[in-house]
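# Close look at the chain arrangement
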Amino acid sequence: DVKVTQSSRYLVKRTGEKVFLECVQDMDHENMFWYRQDPGLGLRLIYFSYDVKMKEKGDIPEGYSVSREKKERFSLILESASTNQTSMYLCASSLWGTGNTGELFFGEGSRLTVL
Amino acid sequence: QQQVKQSPQSLIVQKGGISIINCAYENTAFDYFPWYQQFPGKGPALLIAIRPDVSEKKEGRFTISFNKSAKQFSLHIMDSQPGDSATYFCAARNRGSTLGRLYFGRGTQLTVWP
């Protein structure tokens, strides 16, 4: 079974703090994604990566950065957390290539509260 | 700009009834249409998917109906059960996308009453 593990299920941070959300997948997937989930807004793509050290902006990258130093690990960074970044963050991975369905495998999420 | 529009936002169905969730898209380059199911406290997981060369796909009680000319697709859950209570997301992917990026609808929260 594909496993996507998000290291922190719940975090509480203060405004202005730097926040790291870590994600590890164990299926050698090339693609990794960070989504933000808010009620009524669905899943919004923050950043994605198709290879080590490669990254692409999604639909809402402002206030976030990412790091992918190893194939299995994709980190989301909030340089200076703000209250409007309080949300559920979901990491996902998938295989590369048009021959694949592109099925996304999600982690269980990290619920971040910024006070 | 929302690439995939999903309705309704919430749905309440009696046990044994039919749940129907609708999605619409504009981009004709989309060639793969999955539905994801998310239970509370869990990440979404693939439920069922369809390609535009067929008009319907059925897996157990779950059926996707696809109307290519109208650029619409829908999920039907027959004989809905309380265990089906979850949030459902439709999605679409660009033809030839090696990155596998999916464009999601905003989700439908389904509640099935016993």
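Report follows, based on the coordinates.

Cut-off values and rules
Residues numbered from 1 in each chain as written. Chains lettered and ligands numbered in written order. Predicted model: local features only at pLDDT ≥ 70, side-chain atom pairs only at ≥ 80, totals over all residues. Heavy atoms only, no water. Helix = DSSP H or I, 4+ residues; strand = E, 2+ residues; numbered from the N terminus. Buried < 20%, exposed > 50% of the residue type's maximum accessible area, 1.4 Å probe, protein only. Contact = heavy atoms within 4.5 Å. Lys, Arg positive; Asp, Glu negative; His and termini not counted. Charge placed at Lys NZ, Arg CZ, Asp CG, Glu CD. Salt bridge = Lys/Arg side-chain N within 4 Å of Asp/Glu carboxyl O.

## A few points about the overall build of chain B
When its secondary structure is counted, chain B shows 0 helices and 11 strands. In chain B, the succession of α and β elements from N to C terminus is β-β-β-β-β-β-β-β-β-β-β. Taking the principal axes of its C-alpha atoms as reference, chain B extends roughly 45 × 30 × 25 Å. Scored against the burial criterion, the 114 residues of chain B give a buried share of 46%. Within chain B, counting contacts between residues at least 6 apart in sequence, those at least 24 apart form 54% of the total. Counting 13 positive and 7 negative side-chain charges, chain B places the centres of these two groups 6 Å from one another.

## Here's the deal with the pattern of salt bridges
Within the structure shown, the criterion is met by 11 salt bridges over all chains. Between glutamate 79 of chain A and lysine 18 of chain A there is a salt bridge; the shortest N-O distance is 3.5 Å. Note that glutamate 79 of chain A is positioned in the loop between strand E8 (73-78) and strand E9 (87-94) and lysine 18 of chain A in the loop between strand E2 (10-13) and strand E3 (19-25), a separation of 61 residues in sequence. Taking the relative accessible area as the measure of exposure, glutamate 79 of chain A reaches 44% and is therefore partly exposed. Lysine 18 of chain A gets classed as partly exposed once you look at its relative accessible area, which sits at 43%. A salt bridge links glutamate 59 of chain B to lysine 57 of chain B, with the shortest nitrogen-to-oxygen separation between them at 3.7 Å. Judged by its relative accessible area of 37%, glutamate 59 of chain B falls in the partly exposed class. Ionic contacts of the salt-bridge type, sharing partners, join the residues Arg9 and Glu108 of chain A together with Lys42 of chain B into one network.

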